[in-house]
Amino acid sequence: MAPAGWFDTPSGYGRISRGFHWLMAALFAWHFAGALLFVSIGDTAITRFVGGTHFTMGFTLFVLVLLRGVWGLINLKRRPPHPGRLGRAAVAGHLLIYALMVIVPGLALLRQYGSGDPFSPYGIPVMPARGNRIEWMMVPADLLHYWLGFTLLVVVLGHAAMAVLHRILWKEDVLGRMT
Ligand code: HEM
Ligand code: HEM
């Protein structure tokens, strides 16, 4: 068990970091369930129920990852250390997850803006309707959103597997820092 403070400490992540981690993990599970339903069984009623939140949920995850990143930087010096070669690999893996969590929705939002269509998650008019399309804003997401989206899924599954393996193979309580 990690200590129950608000801030992170070298022996574990604090309440806010754990809150961000598990809230976003739950939202990502829902989000990817929708994407997987869409590419597997296609456009059915259940796909629409789960996948219908894709834009709003993707936007929510984008805002959350920016806040989480700021909180991570504030806590950087206090976080559990990752010594050695494997530690550097773990840090590189986490940075890759952050990069994808920013780039995947970031490019989609750029495409959304370029499309000129209105975008109002939760009724907030983030992007008003505009008459014209801006083609170059749409190209990156057309090319990369799908593939980088599924790359994030694969990397995150590997990440969760590593957390469990740490416990089973090396008897290290890495999981305990985040729970
Ligand atoms: C972290 C956030 C996001 C992830 C991980 C993600 C992931 C994915 C994945 C895996 C697909 C392909 C499967 C499918 O078609 O359902 C997809 C498609 C799509 N997403 Fe997202 N998405 C995110 C955010 C967003 C946002 C914020 C928007 C729009 C504002 C968006 C718009 C779309 C659109 C239009 C498609 C279908 C066209 C395409 O594949 O490029 N996504 N997304
Ligand atoms: C069942 C699923 C998951 C498990 C068991 C798990 C476990 C963990 C553990 C134990 C840590 C601490 C690792 C350390 O200090 O070295 C961690 C950190 C992290 N996890 Fe996960 N995780 C899961 C899902 C996710 C998901 C879905 C994401 C993002 C999409 C994610 C992103 C991260 C990131 C970026 C860190 C670095 C610390 C931070 O900035 O929050 N994890 N995870």
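All of these numbers come straight from a predicted model, not from anything done at the bench.

Calculation rules
One numbering rule holds for all chains: residues counted from 1, following each sequence as written. For this description, chains carry letters from A and ligands carry numbers from 1, given in the order in which they are written. Totals for whole chains, interfaces and linings use every residue, but because this is a predicted model, local features are given only for residues with pLDDT of at least 70 and side-chain atom pairs only at 80 or more, for both listing and counting. Derived side-chain values reflect all non-hydrogen atoms in the structure, with water molecules and hydrogen atoms excluded from consideration. Paired rings are identified among Phe, Tyr and Trp, the last through its six-membered ring, by centres lying within 6.5 Å, and are further divided according to the angle between planes into stacked (under 30 degrees), edge-to-face (over 60) and tilted (the rest). Helix and strand assignments follow DSSP, with helices taken as H or I runs no shorter than four residues and strands as E runs no shorter than two, numbered in order from the N terminus. Exposure categories follow from relative accessible area, calculated using a 1.4 Å probe and restricted to protein chains: below 20% of the type maximum is buried, above 50% is exposed, and the middle band is partly exposed. We call a residue near a molecule or strand whenever a single non-hydrogen atom of that residue lies within 4 Å of it. Under this definition, polar contacts are N or O atom pairs within 3.5 Å; protein pairs additionally need one hydrogen-donor-capable and one acceptor-capable atom, and for neighbouring residues in sequence, both atoms have to be side-chain atoms. The distinction between a cavity and a pocket rests on a 1 Å grid over the protein atoms alone: a 1.4 Å probe fits inside a cavity but cannot get out, while a pocket stays open yet meets protein on both sides within 12 Å along at least five of seven lines, and a residue with an atom within 4 Å of a point counts as lining. To decide whether a molecule occupies a pocket or cavity, check its atoms: if more than half lie within 2 Å of the grid points, it is inside. All amino acids are sorted into three groups, where Ala, Val, Leu, Ile, Met, Phe, Trp, Tyr, Cys and Pro are nonpolar, Asp, Glu, Lys and Arg are charged, and the leftover types, Gly among them, are polar. UniProt positions are given in the numbering used here, feature names are shortened, and annotations may be inferred rather than shown by experiment. Coordinating donors are taken to be N, O and S atoms lying within 2.8 Å of the metal, or within 3.2 Å when the metal is Na, K or Ca; because water is excluded from the atom set, some sites may appear incomplete. Under the classification used here, a metal with four donors is tetrahedral if each angle lies between 85 and 135 degrees, square planar if opposite donors are over 155 degrees apart and the others between 65 and 115, a six-donor metal meeting that same test is octahedral, and anything else is irregular. Here, a salt bridge means any side-chain nitrogen of Lys or Arg that lies within 4 Å of a carboxyl oxygen of Asp or Glu. Expected span of a helix: the number of residues minus one, times 1.5 Å. In what follows, a contact means two residues having at least one pair of non-hydrogen atoms within 4.5 Å.

1. With respect to the packing of aromatic side chains
One pass over the full model with this rule turns up seven aromatic pairs. Between Phe 7 and Trp 71 the ring centres are 5.2 Å apart and the planes differ by 25°, which places this aromatic pair in the stacked class. Here the residue Phe 7 occupies a position in the segment before helix H1 (15-40), and Trp 71 occupies one in helix H3 (residues 54-74), the gap between them amounting to 64 residues. Taking relative accessible area as the criterion, Phe 7 reaches 42% and is therefore assigned partly exposed. Judged by its relative accessible area of 15%, Trp 71 falls in the buried class. Taking the centre distance of 5.2 Å and the plane angle of 75° together, the rings of Tyr 146 and Phe 150 count as edge-to-face. One end of the pair is Tyr 146 and the other is Phe 150, both in helix H5 (residues 135-170) and four residues apart, which spans about a single turn. Of the residues examined, Tyr 146 reaches a relative accessible area of 44% and is grouped as partly exposed.

2. Details of the site of ligand 2
Around ligand 2, the surrounding shell holds 20 residues, and the nearest of these are His 21, His 82, Tyr 98, His 159 and Arg 177. Contact between ligand 2 and His 159: a nitrogen atom at 2.7 Å from a side-chain N or O atom of the residue. At a separation of 2.7 Å, an oxygen atom of ligand 2 approaches a polar side-chain atom of Arg 177. Taking a 2 Å distance to the grid points as the criterion, the majority of the atoms of ligand 2 fall inside the largest pocket. Those elements giving two or more residues to the shell around ligand 2 turn out to be H1, helix H4 (84-115) and H5. Among the residues forming the shell around ligand 2, the class breakdown is 13 nonpolar, four polar and three charged.

3. Let's talk about the UniProt feature "domain: Cytochrome b561 bacterial/Ni-hydrogenase" (unreviewed entry) in the protein
The UniProt record marks residues 13-179 with the feature "domain: Cytochrome b561 bacterial/Ni-hydrogenase" (unreviewed entry), using the residue numbering of this structure. Strand forms 0% of residues 13-179 and helix 73%; the C-alpha atoms that close the span are 8 Å apart.

4. Quick word on the coordination of the iron atom of ligand 1
Each pair of donors in an ideal four-coordinate tetrahedral metal site encloses 109.5 degrees, whereas pairs in an ideal six-coordinate octahedral site enclose 90 or 180 degrees. Here the iron atom of ligand 1 is held by the protein donor atoms His 54 (NE2) and His 145 (NE2), which lie 1.9 to 2.0 Å from it. Each of the six donor atoms bound to the iron atom of ligand 1 contributes to angles spanning 87 to 179°, and the resulting shape is octahedral. Within this pair, whereas His 54 is found in helix H3, its partner His 145 is found in helix H5, the two being separated by 91 residues in sequence.

5. With respect to the pattern of salt bridges
Within the structure shown, the criterion is met by five salt bridges. Note that Asp 8 and Arg 79 form a salt bridge whose closest N and O atoms lie 2.8 Å from each other. Remark: Arg 79 occurs in the loop between H3 and H4 and Asp 8 occurs in the segment before H1; sequence separation between them is 71 residues. Overall, Asp 8 belongs to the buried group, its relative accessible area being 0%. Among the ionic pairs, Arg 167 bridges to Asp 173, the shortest N-O distance being 3.5 Å.

6. Some remarks on H3
In a regular helix each residue adds 1.5 Å, so 21 residues correspond to 30 Å; H3 covers 30 Å between its end C-alpha atoms and thus fits that length. For H3, the full list of buried residues reads Met 57, Gly 58, Phe 59, Thr 60, Leu 61, Phe 62, Leu 64, Val 65, Arg 68, Trp 71 and Gly 72. For H3, the elements touching its buried residues are H1 and H4.

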